[in-house]
Amino acid sequence: MGGSDLGSIASHPRVEVAALCDVDAGRLAKAHQEHSLAETFGDFREMLAEMGDSIDAVVVSTPDHTHAPAAMSALNLNKPV
C-alpha cells in the first residue's frame, strides 16, 4: 500500500518527497531509487524527530495496528496527516 500511496502523492507537481520511512530495508531502498533526494529512515519516530521542522505533511501507509501511533506522532507536531 505504501508504494501505491507514494506513487499517487508524488505524481502531483507541487509535491516534493522529503523523507521516506519503512521498516523493510528493501522497500525503502526501492522507494529511495525513485526519490533519491529524500532522507531515509527505518523508524518513523526518528524521522519525525529529525525532519519534523522541515516537512509540511505526513502520509501514513502502515497496517491498521500501527497506523494510529505514527499518525498521532505527526499530529502532535501539528502536521496534516
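Just so you know, these numbers come straight off a predicted model, no measurement behind them.

Reading the values: the criteria
- Residues numbered from 1 in each chain as written.
- Predicted model: local features only at pLDDT ≥ 70, side-chain atom pairs only at ≥ 80, totals over all residues.
- Heavy atoms only, no water.
- Helix = DSSP H or I, 4+ residues; strand = E, 2+ residues; numbered from the N terminus.
- Expected span 1.5 Å × (residues − 1).
- Buried < 20%, exposed > 50% of the residue type's maximum accessible area, 1.4 Å probe, protein only.
- Arc of directions from axis to C-beta.
- Contact = heavy atoms within 4.5 Å.
- Core = buried A, V, L, I, M, F, W, Y, C linked by side-chain atoms within 4.5 Å.
- Lys, Arg positive; Asp, Glu negative; His and termini not counted.
- Salt bridge = Lys/Arg side-chain N within 4 Å of Asp/Glu carboxyl O.
- Patch = residues over 30% accessible without salt bridge, like charges linked within 9 Å, V, L, I, M, F, W, Y side chains within 5 Å.
- Areas by Shrake-Rupley, 256 points an atom, 1.4 Å probe, with all protein chains shown as cover.

Participant: Looking at this structure, I do not really get helix α4 (residues 64-75). What am I missing?
Facilitator: Because each turn of an α-helix spans 3.6 residues, side chains separated by three or four positions in sequence point in the same direction. Taking 1.5 Å as the rise per residue, α4 with twelve residues should run 16 Å; its terminal C-alpha atoms sit 17 Å apart, in good agreement. Every buried residue of α4 is listed here: A70, A71 and A74. Along the axis of α4, the buried positions cluster into a sector of 100°, meaning they face one direction only. Of the surrounding secondary structure, the elements contacted by the buried residues of α4 are α3 (44-51).

Participant: Help me understand unusual backbone geometry in this model?
Facilitator: Glycine aside, a negative phi is what most residues show, and trans is what most peptide bonds show. You will see that N78, though not glycine, has its phi angle at about 65°, which is positive. Relative to the assigned elements, N78 resides in the segment after α4.

Participant: I tried to follow α3 on my own but got confused; where do I start?
Facilitator: Within α3 the residues assigned to the buried category are M47, L48 and M51. Each buried residue of α3 lies within a common arc of 95° when the element is viewed along its axis, so the set occupies one face. Seen from the open side of α3, the exposed residues pointing more than 90 degrees away from its buried face are R45, A49 and E50. Looking at the buried residues of α3, the elements they touch are β1 (19-21), β2 (39-41) and α4.

Participant: Any chance you could explain the nonpolar core here in plain terms?
Facilitator: Generally speaking, a soluble globular protein has its nonpolar side chains buried in company with each other. Residues A19, F41, M47, L48, M51, I55, V58, V60, A70, A71 and A74 constitute the largest nonpolar core, which totals eleven residues. Mapped onto this core, the elements with two or more residues apiece are α3 and α4. Leave out the neighbours within four places in its chain, and A70 touches F44, L48 and V60. In terms of nonpolar packing, the next biggest core, distinct from the first, is built from six residues, L6, V17, L28 and A31 among them.

Participant: Got a minute to help me understand the side chain of D5 in this structure?
Facilitator: Of note, D5 is situated in helix α1 (residues 2-10). Here D5 is buried and forms no salt bridge, its nearest opposite-charge partner R27 lying at an N-O distance of 12 Å. Once you skip the residues sitting within four places of it in the chain, D5 turns out to touch V59 and S61.

Participant: Got a minute to help me understand a nonpolar patch on the surface in this structure?
Facilitator: Taken together, the side chains of I9, V15 and V59 make up a nonpolar region of the molecular surface, amounting to roughly 210 Å² of accessible area. Secondary-structure assignment places V59 in the loop between α3 and α4. The exposure class of V59 is exposed, given its relative accessible area of 51%.

Participant: Help me understand the side chain of H35 in this model?
Facilitator: With respect to the helices and strands, H35 occurs in the loop between α2 (25-34) and β2. Those residues within four positions of H35 in sequence are excluded, and the remaining contacts are L6, A10, V17 and L20.

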